[in-house]
Amino acid sequence: MGELRPCGAHTTLHPDRLWIWDKAVYVDENQRTWLSIIMETESGLQVLLRQEDVPLGETLRPSQLLPSLLPLMWQLYPEKRYRGSDSSFWRIVYHVKSRGTEDLLLEKLAW
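This one's a predicted model, so the numbers in the text were calculated from it and none came from an experiment.

Asks: So what exactly am I meant to see when it comes to the pairing of strand 5 (residues 44-51) here?
Replies: Residues in a regular strand point their side chains to alternate faces of the sheet. Counting buried positions over the 8 residues of strand 5 gives 6, a clear majority of the element. Two successive antiparallel strands, strand 4 (residues 33-41) and strand 5, enclose a turn made up of 2 residues. Bridge analysis of strand 5 against strand 9 (residues 101-108) gives 6 bridges, and the strand direction is antiparallel. For Leu49, the partnering residue across the bridge sits in strand 9 and is Leu104.

Asks: I would appreciate a short explanation of the packing of aromatic side chains in the present structure.
Replies: For any pair of aromatic rings, the description consists of the separation of the ring centres together with the inter-plane angle of the planes. With the rule as written, the count across this model stands at 3 aromatic pairs. Relative to Trp90, the ring of Trp74 has its centre 5.6 Å away and its plane inclined at 85 degrees; by these criteria the two rings are edge-to-face. Of this pair, Trp74 sits in strand 6 (residues 73-77) while Trp90 sits in strand 8 (residues 89-98); the two residues are 16 residues apart in sequence, bridging distant segments of the chain. Of the two residues, Trp74 and Trp90, both sit in the buried class.

Asks: Please explain the pattern of salt bridges as it appears in this structure.
Replies: Between side chains of opposite charge, a pair can form when the charged atoms approach closely. Inspection of every chain in the model, using the stated rule, returns 4 salt bridges. For the salt bridge of Glu102 with Arg32, the shortest nitrogen-to-oxygen distance reads 2.8 Å. Within this pair, whereas Glu102 is found in strand 9, its partner Arg32 is found in the loop between strand 3 (25-28) and strand 4, the two being separated by 70 residues in sequence. For Glu102, a relative accessible area of 3% gives the class buried. With relative accessibility at 26%, the residue Arg32 sits in the partly exposed group. Ionic pairing is found between Arg50 and Asp103, a salt bridge with its closest N-O pair at 2.6 Å. Of this pair, Arg50 sits in strand 5 while Asp103 sits in strand 9, and the two are 53 residues apart along the sequence. Several salt bridges converge on common partners, so that one network encompasses Asp28, Arg32 and Glu102.

Asks: Can you help me understand unusual backbone geometry in this one?
Replies: Negative phi values dominate among residues other than glycine, just as trans dominates among peptide bonds. Despite not being glycine, Gln31 has its phi angle at roughly 65 degrees, a positive value. Among the secondary structure elements, Gln31 is positioned in the loop between strand 3 and strand 4. Exposure remark for Gln31: the relative accessible area of 54% places this residue in the exposed category. Phi is positive for Glu79, which is not a glycine, with a value near 65 degrees. Relative to the helices and strands, Glu79 resides in the loop between strand 6 and strand 7 (81-84).

About the cut-offs
Residues numbered from 1 in each chain as written. Predicted model: local features only at pLDDT ≥ 70, side-chain atom pairs only at ≥ 80, totals over all residues. Heavy atoms only, no water. Buried < 20%, exposed > 50% of the residue type's maximum accessible area, 1.4 Å probe, protein only. Helix = DSSP H or I, 4+ residues; strand = E, 2+ residues; numbered from the N terminus. Pairing = 2+ DSSP bridges. Phe/Tyr/Trp six-rings, centres within 6.5 Å; stacked < 30°, edge-to-face > 60°. Salt bridge = Lys/Arg side-chain N within 4 Å of Asp/Glu carboxyl O.

Dropping the structure here:
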């Protein structure tokens with residue numbers, strides 16, 4: 001299957017790591033913030049991470065977070081994948097920047 005890419009968008013470099021900061025907010029190694037939107041589809045679980053500047057307060061400890069379908073951290077792996085802190089693997093469906101908005105769509109891989 002080919003890579004999906006919205007019309008007029010270009011690919012960009014993937015973050016090496018994404019850490020949970022607050023509910024639905026992740027931070028990458030360059031202190032950029034990413035908002036997460038969980039989508040359950042017929043093919044499985046997907047998450048859209050949109051890079052938006054969000055003022056950061058104090059980070060939440062894992063014990064302060066509600067249970068989530070998403071891992072506390074993602075690390076970039078070879079073959080266009082991320083590995084979650086819960087040992088899950090996520091395929092990069094697309095990562096584009098269009099009109100100043102950067103979107104990274106991940107799909108959870110079945111075991």
